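# Fold and contact review
Residue-level listing of the chains:
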Amino acid sequence: ATLYAVQSEDHYLRVHTDRGSDLILMRLSDALEELEGLEGAQTHRSWWVARAAVQEIARGDGRATLALIGGLTAPVSRRYARALREAGWY
């Protein structure tokens, strides 16, 4: 499956792929270590997004959101916005 995003939900992670989404029991910090080497980035304290999954970037009220393949919307927090800009995401 093609990975689009990983979203933290309580003690679980929702893994979004081209085949749908599923919950797994794992900490986001552990998942981030596993995702190292893939082209993507943490966009929020509870989100990791694959760069290839980003279709559009919306900005409003001083915040950005990423529209992803499959109709997902991922937030971009101020903490990660600068690193994403420097990496050429927007």
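Our structure's up above, just so we're on the same page.
The text that follows walks through the structure, step by step, so that each part is easy to find. (Residues numbered from 1 in each chain as written. Predicted model: local features only at pLDDT ≥ 70, side-chain atom pairs only at ≥ 80, totals over all residues. Heavy atoms only, no water.)

Another aspect to go through is the sheet that holds strand β4 (residues 40-44). Pairing is antiparallel across the open sheet formed by five strands, whose spatial order is β3-β2-β1-β5-β4. Looking at strand neighbours, the two that pair on one side only are β3 (20-25) and β4, the edges of this open sheet. If you compare each strand with its neighbour and ignore which way they point, the axes differ by 20° on average. Judged from the six bridges that link them, strand β1 (residues 3-9) and strand β2 (residues 12-17) form a sheet pairing that is antiparallel. Residue A5 lies in a different strand from β2, and its bridge partner there is H16. Running over the sheet, helix α1 (residues 28-35) touches β1, β2, β4 and β5 (47-50) and is turned about 160° from β1. (Pairing = 2+ DSSP bridges. Helix = DSSP H or I, 4+ residues; strand = E, 2+ residues; numbered from the N terminus. Axes fitted to C-alpha atoms, helices over the stretch in contact; angles between N-to-C directions. Contact = heavy atoms within 4.5 Å.)

The antiparallel open sheet is built from three strands, whose spatial order is β6-β7-β8. The sheet terminates laterally at β6 (54-60) and β8 (73-76), the two strands that pair on one side only. When strand polarity is set aside, the average angle formed by the axes of neighbouring strands in this sheet is 25°.

Attention now moves to the pairing of β2. What sits between the antiparallel neighbours β1 and β2 is a turn of two residues, in which D10 has the positive phi angle 55°. As judged from the six bridges shared by β2 and β3, these two strands associate in the antiparallel manner. Across the sheet, residue T17 finds its bridge partner in β3, namely G20. Two successive antiparallel strands, β2 and β3, enclose a turn made up of two residues.

Among the residues making up α1, those that are buried are L28, A31 and L35. Summarising the axial view, the buried residues of α1 lie within an arc of 55°, below the 170-degree limit, and thus occupy one face. One or two positions beyond α1, positive phi appears at G37, with a value near 100°. (Buried < 20%, exposed > 50% of the residue type's maximum accessible area, 1.4 Å probe, protein only. Arc of directions from axis to C-beta.)

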